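Spelled out, the chains give:
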Amino acid sequence: KLFLFRIFLEVYTLIGVILRGEREERDDSDARAWYEEFRAQDRELFEPARSACPYCEEHKLKPVITMGDAFQHKPGEFHLDRCGECGVVFQNPRLSLDGLSFHYRDFYDGTGAEKLDFIFSINPDCYGDRARAIEPHLDPFKAPESWLDSGGGHGHFCLAASELFPSTRFEVLDLSDAPKDAARRGWAEKGHCATLPDFARETERRYDVISLSHCLEHVPDPREELEAASHLLNPGGRLFIEVPDPACKFGRWLGRLWLPWFQPQHLNLYPAETLAELCERCDLEVLEIDHVDAHQPTDLHYAVLVGLSKL
């Protein structure tokens, strides 16, 4: 029933956009000037292609999918390979730092900020589900004092989790300017604009809980991210990780319409067992692997959304 309602909602929204057009004129002159200058510099957007897996270094690569940017429709094709040894799926060739700057611009910030903030607000229940998935592994008699949500954007998770843990001090960290909004709204006590590894090197802060929800697939080096999280945790602290699983059958069934392929932003996708092995290499004890409690049932919904977007 929920899926049918969502189809109706998408069609209703599409008709509304066609009939109303843009609600207000937006000044994109600064963004346009930046893109024109960027293109004029003729920067290299990709690193050299790899012949071996970035995780296990095996040369057992098989192509998974080739697709374009289905969300911002910026130019380019992106290839994903799968390692036949460890199952890691990764972008090959991978975007360079210049390429990431080009494709991330105006997605989370700038002209795309308002749209993303709206999308993250559509299903607030998923943030509470994440918090409840962590709860069984916490001290039943004492709420965590400090919690860092890395990659937390505008702070929607912190807002939802604070209802479950009202005495906990929540902080949000993100590479974009979104954490400033989280602190301004009062959804988090502090907002930090940095990468997790940079933040770990610069701060003396330590946390009882760190959440990494849909972050590791965006970073060039997941191991560096996990080592930073391990460094920032108090003794006995808890790290919660949520990532898409490239072994999910929807990936095969839906092809380019499967949201977690999410090119060009998703640089790597780790199967659960391989990610658990990586955590152990970073001195993190794996307490649970779960595919249900915090799952966002959006596979079919976003397949419809992406299909409509292409139209």
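Basis of the calculations
- Residues numbered from 1 in each chain as written.
- Predicted model: local features only at pLDDT ≥ 70, side-chain atom pairs only at ≥ 80, totals over all residues.
- Heavy atoms only, no water.
- Helix = DSSP H or I, 4+ residues; strand = E, 2+ residues; numbered from the N terminus.
- Buried < 20%, exposed > 50% of the residue type's maximum accessible area, 1.4 Å probe, protein only.
- Contact = heavy atoms within 4.5 Å.
- Areas by Shrake-Rupley, 256 points an atom, 1.4 Å probe, with all protein chains shown as cover.
- Axes fitted to C-alpha atoms, helices over the stretch in contact; angles between N-to-C directions.
- Parallel < 35°, antiparallel > 145°, perpendicular 65-115°, else oblique.
- Left-handed = near helix turned anticlockwise from the far one by under 90°.
- Nonpolar A, V, L, I, M, F, W, Y, C, P; charged D, E, K, R; others polar.
- Polar contact = N/O pair within 3.5 Å; in protein donor to acceptor, adjacent residues only side chain to side chain.
- Phe/Tyr/Trp six-rings, centres within 6.5 Å; stacked < 30°, edge-to-face > 60°.
- Lys NZ or Arg CZ within 6 Å of the ring centre and 35° of its normal.

## Topic: the overall build of the protein chain
Then, number 1: Counting its regular elements, the protein chain contains 12 helices and nine strands.
Then, number 2: Taking all 311 residues of the protein chain together, the buried fraction comes to 43%.
Then, number 3: Counted over contacts in the protein chain with a minimum sequence separation of 6, partners at least 24 positions apart contribute 68%.
Then, number 4: Only carbon and sulfur atoms are counted for the fraction: they give 53% of the accessible area of the protein chain, which is about 17400 Å².

## So, the packing of helix 2 (residues 29-40) against helix 3 (residues 97-104)
The axes of two packed helices give the description: the angle between them and the distance between them.
Then, number 1: Between helix 2 and helix 3, the least distance of the axes is 11 Å, while the angle of their chain directions is 155 degrees. Looking at the two axes, helix 2 sits roughly antiparallel to helix 3. For the pair helix 2 and helix 3, the crossing hand works out as left-handed. Contact with helix 2, carried on its side by Trp34, Tyr35, Phe38 and Arg39, involves Asp98, Ser101 and Phe102 of helix 3 and no other residues of that element.
Then, number 2: Grouping the amino acids of the contact of helix 2 with helix 3 by side-chain chemistry returns four nonpolar, one polar and two charged.

## A short note on the side chain of His266
Then, number 1: Inspection of the secondary structure assignment puts His266 in the loop between helix 10 (249-254) and strand 9 (268-269).
Then, number 2: On the basis of relative accessible area, His266 is assigned to the buried category, the value being 6%.
Then, number 3: Within the local environment of His266, its side chain forms a polar contact with the side chain of His218, the two groups lying 3.4 Å apart.
Then, number 4: Within the structure, the side chain of His266 is placed 2.6 Å from the backbone oxygen of Pro260, a separation counted as a polar contact.

## Topic: the packing of aromatic side chains
Then, number 1: By the definition in use, this model includes 13 aromatic pairs.
Then, number 2: The interplanar angle of 45 degrees and the centroid separation of 5.5 Å between the aromatic rings of Trp147 and Phe165 together place this pair among those described as tilted. Residue Trp147 is found in strand 4 (residues 146-150), and its partner Phe165 is found in the loop between helix 6 (156-164) and strand 5 (169-174); the two are separated by 18 residues along the sequence.
Then, number 3: Residue class for Trp147 comes out buried when judged on its relative accessible area of 0%.
Then, number 4: A ring pair is formed by Phe250 and Trp253, whose centres lie 5.6 Å apart and whose planes are at 85 degrees; its orientation type is edge-to-face. Separated by three residues within a single helix, Phe250 and Trp253 lie in helix 10, roughly one turn from each other.
Then, number 5: An aromatic cluster of three or more residues is present, and its members are Trp34, Tyr35, Phe38 and Phe102.
Then, number 6: Here Lys74 stacks its cationic end above the ring of Phe102, 5.1 Å away from the centre of that ring.
Then, number 7: The ring of Tyr35 is capped by Arg105, whose NZ or CZ atom sits 5.8 Å from the centre of that ring.

## Brief notes about the packing of helix 9 (residues 222-232) against helix 11 (residues 272-281)
Then, number 1: It is at 9 Å that the axes of helix 9 and helix 11 come closest, and there the two elements cross at 50 degrees. For the element pair helix 9 / helix 11, the angle class is oblique. With respect to the hand of their crossing, helix 9 and helix 11 are arranged in right-handed fashion. Here Pro222, Arg223 and Leu226 of helix 9 come into contact with helix 11, specifically with Leu275, Leu278, Cys279 and Arg281.
Then, number 2: For the contact of helix 9 with helix 11, the per-class residue count stands at five nonpolar, no polar and two charged.

## A few points about unusual backbone geometry
Then, number 1: Omega for the peptide link from Asn92 to Pro93 comes to 5 degrees, which places this bond in the cis form.
Then, number 2: As for its position among the elements, Pro93 is in the loop between strand 3 (89-91) and helix 3.
Then, number 3: For the bond from Gln263 to Pro264, the omega torsion is 10 degrees, close enough to zero to count as cis.
Then, number 4: Topologically, Pro264 is positioned in the loop between helix 10 and strand 9.
Then, number 5: Unusually for a residue other than glycine, His73 sits at a positive phi of about 60 degrees.
Then, number 6: Structurally, His73 can be placed in the loop between strand 1 (61-67) and strand 2 (78-83).
Then, number 7: Residue His73 is classed as partly exposed on the basis of its relative accessible area, which comes to 47%.

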